[in-house]
Structure formats: C-alpha cells, structure tokens
Amino acid sequence: MVNVAQLLLGGFQESLVDVFGPSGGWLVGHAIVLSIATLIVVSIRNREHIANESGYGREHFSQATAVVLMTGLQYVFYTGRLGFSETISLVLGITGALSALWMINVLE
C-alpha cells in the first residue's frame, strides 16, 4: 500500500501507527490527509463567499499575513542564529509578532 500520509504527516503518522496499529494508523492518517485536502478544495471553491460574508476585510487578512511573516522570520532567527529550541522559538516569535501588531494598532 502507498503511504501518502507518511510523506505528508511525517512523525505524526508514526505516532498514529503506534497508537492504532499498522492498518488503523494507515487508515486514520489517510483520513486526516483526505480531510485536509477536502477542506482546502472547499475553501478555494467558496473563496468569494468566504471573503464577502466572513466579516473580515482586506485589513484583517493583511494583518494576519504580517503576523505569520513576522513569526516565521523570528522563528528562523531564534533557531538559526541564537540556537534556541523550536518550541521556545515559536513561542517567542508569536509573542513578538502579536506584541508588535498590538503596538502598531494602539499607536496608529
């Protein structure tokens, strides 16, 4: 059997196999991959409805993109340059990005 879930989920798929056994882990992993793919397809098909009816505008999406980019940049800096662990780097990145966003919104 082809194990697409192993390619996409990596170590998480191994954990599923440990918990559910080889067949059950394969089934659960592929169900997760299929669910994610279905959610992406449905979101793309209904993107106009989501954009128009969600209540979020261009400003919200640009702020979310900025937070994700700032978090990513800080994560790379903290793990690569400073040698922090991945979890601590992620927490510091998210905290720094949200703090910067809050300061920008308050001072604006």
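Heads up: these notes are all about the structure in this document. (Residues numbered from 1 in each chain as written. Predicted model: local features only at pLDDT ≥ 70, side-chain atom pairs only at ≥ 80, totals over all residues. Heavy atoms only, no water.)

**With respect to the overall build of the chain**
Helix and strand content of the chain: five helices and zero strands. Sequence-ordered secondary structure for the chain, helices as α and strands as β, is α-α-α-α-α. Taking 13 Å as the expected radius of gyration for a compact globule of 108 residues, we find that the chain reaches 19 Å, considerably beyond that expectation. Expressed along its principal axes, the backbone C-alpha trace of the chain runs to roughly 55 × 45 × 20 Å. Burial analysis of the chain (108 residues in total) assigns 15% to the buried set. (Helix = DSSP H or I, 4+ residues; strand = E, 2+ residues; numbered from the N terminus. Rg over C-alpha atoms; globule rule 2.2 N^0.38 Å. Buried < 20%, exposed > 50% of the residue type's maximum accessible area, 1.4 Å probe, protein only.)

**Some remarks on the packing of aromatic side chains**
Under the criterion given, the structure shown has two aromatic pairs. Centroid distance Tyr78 to Phe84: 5.8 Å. Interplanar angle 10°. Geometry classified as stacked. For Tyr78, a relative accessible area of 18% gives the class buried. These aromatic residues form a ring-pair network of at least three members: Phe77, Tyr78 and Phe84. (Phe/Tyr/Trp six-rings, centres within 6.5 Å; stacked < 30°, edge-to-face > 60°.)

**Here's the deal with the environment of Thr38**
For Thr38, the location among the structural elements is in helix α2 (residues 11–45). Here the side chain of Thr38 touches Leu34 through a polar contact of 2.8 Å, landing on its backbone oxygen. (Polar contact = N/O pair within 3.5 Å; in protein donor to acceptor, adjacent residues only side chain to side chain.)

**Quick look at the environment of Ser99**
Mapping Ser99 onto the fold places it in helix α5 (residues 86–107). A C-alpha to C-alpha distance of 9.7 Å links Ser99 and Val67, two positions 32 residues apart in sequence.

**Things to note about the side chain of Gln74**
Secondary-structure assignment places Gln74 in helix α4 (residues 58–80). Sequence-distant contacts of Gln74, that is, excluding residues within four places in its chain, are made with Leu92, Gly93, Gly96 and Ala97. (Contact = heavy atoms within 4.5 Å.)

**Comments concerning the side chain of His30**
Summarising the element assignment, His30 is placed in helix α2. The residues touching His30, leaving out its near neighbours within four places in the chain, are Val2, Asn3, Val4 and Ala5.

**With respect to α2**
An ideal rise of 1.5 Å per residue puts 51 Å on 35 residues; α2 reaches only 31 Å between its terminal C-alpha atoms. Considering bend angle alone, the principal kink of α2 is centred on Gly21 and spans about 125°; proline Pro22 follows within four residues of it. (Expected span 1.5 Å × (residues − 1). Bend = angle between axes of the 7 residues up to and from the residue.)

**Examining α5**
When the terminal C-alpha atoms of α5 are compared, their 31 Å separation across 22 residues agrees well with the 32 Å that a helix rising 1.5 Å per residue should span. The complete set of buried residues in α5 reads Ser89, Gly93, Ala97 and Leu101. All buried residues of α5 lie within an arc of 95° about the axis, which places them on one face of the element. Away from its buried face, by an angle of more than 90 degrees, α5 presents the exposed residues Thr87, Trp102, Val106 and Leu107. Residues of α5 that are buried make contact with α4. (Arc of directions from axis to C-beta.)

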